[in-house]
Amino acid sequence: MNFTEILSADELLTRHRNGERDFRGTNLIAAHLSEANLSRTNLSSANLKGANLIRSKLIGANLNGADLSGANLSKAKLIEANLGSSSLTGTVAIGADFSGANLSGAILSQADLSKAVLTGASLVGACMLSGSKLTEANLSGATLSRAIMSGVDLSRANLTRAILSEVDLNGANMSGATLTRAYLNRGNLSGVNLVGASLSEASLREASICAANLSGADLSGADLQSANLNGSNLSGADLSRANLSKANLNGLILHNADLRAANLNKASLRGANLSGANLSGASLLEADLRGANLSHANLSGAGLLLSSLTGANLTGTNLSEANLIGASLNVANLNEAALSGAILPNGATHSRD
């Protein structure tokens, strides 16, 4: 095989029908191969720029290092295909099936994979910069560790149980996305739009989630230990049972957020807006709440041992049955809070009404 051989679509298909499968390095630029069956064919390093591969079958095909930039792969079947280090710049693959495919190190800049199926696919170190679309794509169980996805449109995408450790999602649109039990440890989610997204039981340890919009997001049972959420909007978010120990929540908007039974031990919440938030049964051991707005928040039964509440707004705050032993605060502020059955900083129990 001449690795620079130029083939027409007809020549390729004729030779393929005759049993030939090795077409590595072949030049098939702008070839019309729609609905062609090229499963388990070796097209590694092939030039398929601008090729028409609509509804083609490339199941188990070897496209490692191939150039598919500008090609149309809409509705194509690339199940378990090898696309490692391939170029899909500007490629259209709407509704294509990449289940179990290898896309590690692939370049997908400006690619459109809307509604594509990538279940169990490997995209380790893949590059999908601004302009790439994965709207409503199914990436459940996919591996995207260290992938560069800044500015990508992942709205309403399914990333259930996906592995996204150390991923760069800076400025991505993930509104309405499903990330249930996804693994995002040490990921960069700064400036991400996660409005209404589901991150229940997801792992986001040491993740950078600065200036992100998580309003109305479901983070119930999520692990956010040591995560940095500085400047993010979590108004109306569900953080019940979430692990936020040692998290940076300074200045955070948590208005009306659900933090029932959340772990906020040693979390930094300086200047955070927790007005109307539900923190009943939450653990805030040694938490820093200096200057926080806790007006009309529900902290009934919360553990605030050794916490710092200096300068906090406790107007209308429900602290009934809360444990405030060793907490530092302006005692005068407690006059504006409900304290029935609370254990005060000095260890005394406030009388029940």
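Residues numbered from 1 in each chain as written. Predicted model: local features only at pLDDT ≥ 70, side-chain atom pairs only at ≥ 80, totals over all residues. Heavy atoms only, no water.

Draft legend 1. Just the overall build of the protein, in detail. Along its length, the protein carries one helix and zero strands. Radius of gyration (C-alpha) of the protein: 26 Å, far over the 20 Å computed for a compact globule of 353 residues. Taken over the C-alpha atoms alone, the protein extends approximately 90 × 25 × 20 Å along its principal axes. Going through the 353 residues of the protein one by one, you find that 51% of them count as buried. For the protein, contacts bridging at least 24 residues in sequence account for 1% of all contacts bridging at least 6. Surface summary for the protein: the accessible area is close to 13,500 Å², and the carbon and sulfur share equals 46%. One finds the centroid of the 25 positive side-chain charges in the protein at a distance of 4 Å from the centroid of its 25 negative side-chain charges. (Helix = DSSP H or I, 4+ residues; strand = E, 2+ residues; numbered from the N terminus. Rg over C-alpha atoms; globule rule 2.2 N^0.38 Å. Buried < 20%, exposed > 50% of the residue type's maximum accessible area, 1.4 Å probe, protein only. Contact = heavy atoms within 4.5 Å. Areas by Shrake-Rupley, 256 points an atom, 1.4 Å probe, with all protein chains shown as cover. Lys, Arg positive; Asp, Glu negative; His and termini not counted. Charge placed at Lys NZ, Arg CZ, Asp CG, Glu CD.)

Draft legend 2. Expanded view of unusual backbone geometry. The backbone phi angle of Lys75 is positive, close to 65°, even though this residue is not glycine. Counting through the fold element by element, Lys75 comes out in the segment after α1 (9-17).

Draft legend 3. Structural view of empty space enclosed by the protein. Following the criterion strictly, the structure yields one cavity of 30 Å³ or more and no others. Of the pockets and cavities examined, the largest cavity occupies roughly 30 Å³. Every residue lining the largest cavity is listed: Leu224, Leu229, Leu234, Leu239, Leu244, Leu249, Leu252 and Leu254. In terms of residue class, the lining of the largest cavity is built from eight nonpolar, no polar and no charged. (1 Å grid on protein atoms, 1.4 Å probe; cavity = no way out; pocket = protein on both sides within 12 Å on 5 of 7 lines; lining within 4 Å. Points joined across faces, edges and corners; volume = space filled by probe spheres on them. Nonpolar A, V, L, I, M, F, W, Y, C, P; charged D, E, K, R; others polar.)

Draft legend 4. Layout of the nonpolar core. Counting 121 residues, the largest nonpolar core has Phe98, Leu118, Leu123, Leu144, Leu169 and Leu204 as its most contacted members. Not counting residues up to four positions away in its chain, the partners in contact with Phe98 are Leu78, Leu83, Ala93, Leu103, Leu113, Ala116, Val117, Leu118 and Ala121. (Core = buried A, V, L, I, M, F, W, Y, C linked by side-chain atoms within 4.5 Å.)

Draft legend 5. Structural context of α1. Ala9, Leu12 and His16 are the residues of α1 that are buried. Taken down its axis, α1 places every buried residue within 65° of arc, on the same side. Residues Asp10 and Arg17 are exposed on α1 and point more than 90 degrees away from its buried face. Downstream of α1 by a residue or two, Gly19 has a phi angle that is positive, lying close to 100°. (Arc of directions from axis to C-beta.)

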